[in-house]
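These are the residues of each chain, in order.
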Amino acid sequence: MTAATLLTPATSTEPTGRRAGLVERADERSYVRVLVVLDTTILIIALLIGYVARFGDGEPTASEIPYVLMAPALALAWLISLKALGCYNDRVIGYGADEYRRVSSASLRLAGAVAIIGYVADLGVSRGFLGVSFAVGTVGLEMVRFAARKRLHRARRLGGGWSRRVLVVGDNAHVLELVQTLRREPYAGYQVVGACIPDALLAPVAQRLGDVPVVGSFRGIPEAATAIGADTVAVTASGELTATRLRRLGWQLEGTGVDLVVAPALTDVAGPRIHTRPVAGLPLIHVEAPEFRGARKLVKGLVDRSASSLALALLLPLIALIALAIKLDSRGPVLFRQVRVGRGGEEFGVFKFRTMVVNADALLAELTVRNETDGLMFKMRQDPRVTRVGRLLRKWSLDELPQLVNVLLGQMSLVGPRPPLPSEVARYDGDVARRLLVKPGMTGLWQVSGRSDLSWEDGIRLDLYYVENWSLAADLSILWKTFGAVLNGRGAY
């Protein structure tokens, strides 16, 4: 049977695929146009604020600079700088931290260029005007990008919003693995629309890998991508995809508008730990070892203790109010102290506001059969042991505020893996035990990714990812996202 005969699924979906691809491209261009309009609006506002802050309602004196002409020119130069640094590139916008870094870099570079030109040419531009304008503009641009991205992510979760249409290429097992990985985060914008598998695995009838249609073999990847309207070909592992065939595939996709990405077998490793270096014509990937000690760890500990002491001082009235509510709602102590396992397997007592009746542990055996989660944890959406005030505290994660004391004592961190029970740790295997290489945290990737709605496997995967790839910047991002997760209340029970 010929390769052309085996491409029946691709042929049958060709018109629909092409139309879908055109729609996605139109949605993408529309999103970029909205970003340009929003950025322009922010820049105009920033320049007006800079002018008013420096000159008030009056006119600038002792200056030949016509600000009415200079301000629009500066806004145009700012937009050109954003464009030049790829801030409207579809590979950057919508996901990841690179978009924010590029926006800040474009603003800072322009500010430096304007300062140098103004000094060399002695233009006499007010430094106060420039300082306020650039500060307000940079912050405003970042806020606009954040708001636009959140709206896009929400649309993607609901099945809308522009996304990349991905054709996955590889053997069956690796295709399924990559599809599962991409679907864990639908807001990232990678929608798998088809797969190409080795010739030997094709059948004479239309095939599917899960719910992904098989649209061809390795011999007709560009044709299959065109037929289904894919704008990205994601290549994963396969013995038949040699370096020569992969290079030729790149040549075949030149000028088609279809991007080629390679998904290495190395997963759950963050970008800062990966460095690519060409050796003998091969792009070798160097992976740095995780950092569990050193200066950055000392800084993290200092930040944890400083922030926890400040938070305790600011939240003292709220803590007192919660304690009073617990005391009036049900008999028993205000605080609940439970043994958990910290870094290196060392046990400590974690503090929480009591949210259950006093004999909750004795009732657990009766409720075990009603456990709603897999793995080693026990979770129930309607746990009868939870008090009225406790249910409210859990919804807003206020029951965890006393853990600020654990952070202050150095037993926990603000961000880290979930603190496990000794009974859970006793059943850990070698992989899961790596969670104990760092301090547990009050919040973490598990908190901002669904909390109790997560499966045991997903929770462990997120914890291990954090252990291997933690950074101070990532901690700040997780702390920021925690506020949104708490306000949303999803997975809290």
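Preceding this paragraph is the structure being described.
Since the structure is predicted, the reported quantities are computational estimates derived from the model, not experimental observations. (Residues numbered from 1 in each chain as written. Predicted model: local features only at pLDDT ≥ 70, side-chain atom pairs only at ≥ 80, totals over all residues. Heavy atoms only, no water.)

Points about the side chain of Asp304
With respect to the element layout, Asp304 can be found in helix α10 (residues 295-314). Although buried, Asp304 forms no salt bridge, and the nearest oppositely charged side chain, Lys300, lies 4.5 Å from it. Reaching out from Asp304, the side chain makes a polar contact with the backbone nitrogen of Leu414 at a distance of 3.3 Å. (Helix = DSSP H or I, 4+ residues; strand = E, 2+ residues; numbered from the N terminus. Buried < 20%, exposed > 50% of the residue type's maximum accessible area, 1.4 Å probe, protein only. Lys, Arg positive; Asp, Glu negative; His and termini not counted. Salt bridge = Lys/Arg side-chain N within 4 Å of Asp/Glu carboxyl O. Polar contact = N/O pair within 3.5 Å; in protein donor to acceptor, adjacent residues only side chain to side chain.)

Some remarks on the sheet that holds strand β3 (residues 207-209)
Spatially, six strands are ordered β3-β4-β2-β1-β5-β6 in an open sheet, and the strand pairing comes out mixed. At either end of the open sheet lies a strand with only one pairing partner, and these are β3 and β6 (259-262). Averaged over all neighbouring strand pairs, the angle between strand axes comes to 35°, with direction disregarded. In the sheet, strand β2 (residues 190-197) pairs with strand β4 (residues 212-217) via three bridges, with the strands oriented parallel. Its bridge partner being in β4, Ile197 is matched across the sheet by Ser217. Along the sheet face, helix α7 (residues 172-184) touches β1 (164-169), β2, β3, β4 and β5 (232-235) and points at about 180° away from the line of β2. Most of the contacts of helix α9 (residues 243-253) go to β6, to which it runs at about 160°, and overall it touches β5 and β6. (Pairing = 2+ DSSP bridges. Axes fitted to C-alpha atoms, helices over the stretch in contact; angles between N-to-C directions. Contact = heavy atoms within 4.5 Å.)

Focus on the packing of helix α5 (residues 98-120) against helix α6 (residues 127-157)
The geometry of α5 relative to α6 is characterised by a closest axis approach of 10 Å and an angle of 165° between their N-to-C directions. Our classification of the angle between α5 and α6 gives roughly antiparallel. Like other packed secondary-structure pairs, α5 and α6 cross with a definite hand, here right-handed. Of α6, the residues touching α5 (which contributes Glu99, Tyr100, Val103, Ser104, Ser107, Leu110, Ala111 and Val114) are Leu130, Phe134, Thr138, Leu141, Glu142, Arg145, Phe146 and Arg149. Considering only residue class, the contact of α5 with α6 consists of nine nonpolar, three polar and four charged. (Parallel < 35°, antiparallel > 145°, perpendicular 65-115°, else oblique. Left-handed = near helix turned anticlockwise from the far one by under 90°. Nonpolar A, V, L, I, M, F, W, Y, C, P; charged D, E, K, R; others polar.)

Comments concerning the packing of aromatic side chains
Counted by the stated rule, this structure contains four aromatic pairs. Note on Tyr31 and Trp162: the rings are 6.1 Å apart at their centroids and 55° apart in plane angle, and the pair reads as tilted. Placement of the pair is Tyr31 in helix α3 (residues 14-55) and Trp162 in the loop between α6 and β1, with a sequence separation of 131 residues. For Trp162, a relative accessible area of 4% translates into the label buried. Ring centres of Phe146 and Trp480 lie 5.8 Å apart, and the angle between their planes is 70°; on these two criteria the pair is classed as edge-to-face. Highlighted residues: Phe146 in helix α6 and Trp480 in helix α17 (residues 472-488), separated in sequence by 334 residues. Exposure remark for Trp480: the relative accessible area of 54% places this residue in the exposed category. The ring of Trp162 is capped by Arg156, whose NZ or CZ atom sits 4.9 Å from the centre of that ring. The ring of Trp470 is capped by Lys297, whose NZ or CZ atom sits 4.5 Å from the centre of that ring. (Phe/Tyr/Trp six-rings, centres within 6.5 Å; stacked < 30°, edge-to-face > 60°. Lys NZ or Arg CZ within 6 Å of the ring centre and 35° of its normal.)

Examining the nonpolar core
It is characteristic of soluble globular proteins that their nonpolar side chains tend to be buried jointly. Ranked by size, the top nonpolar core spans 30 residues in total, and within it Tyr31, Leu74, Trp78, Leu82, Phe129 and Leu141 carry the most contacts. If you list the elements that add at least two residues to this core, you get α3, α4 (67-84), α5 and α6. Among the elements that line this core, the one with the most residues is α4, at eight residues. Setting aside anything within four residues of it in sequence, one finds Phe129 in contact with Leu47, Gly50, Tyr51, Arg54, Phe55, Tyr67, Met70 and Leu74. (Core = buried A, V, L, I, M, F, W, Y, C linked by side-chain atoms within 4.5 Å.)

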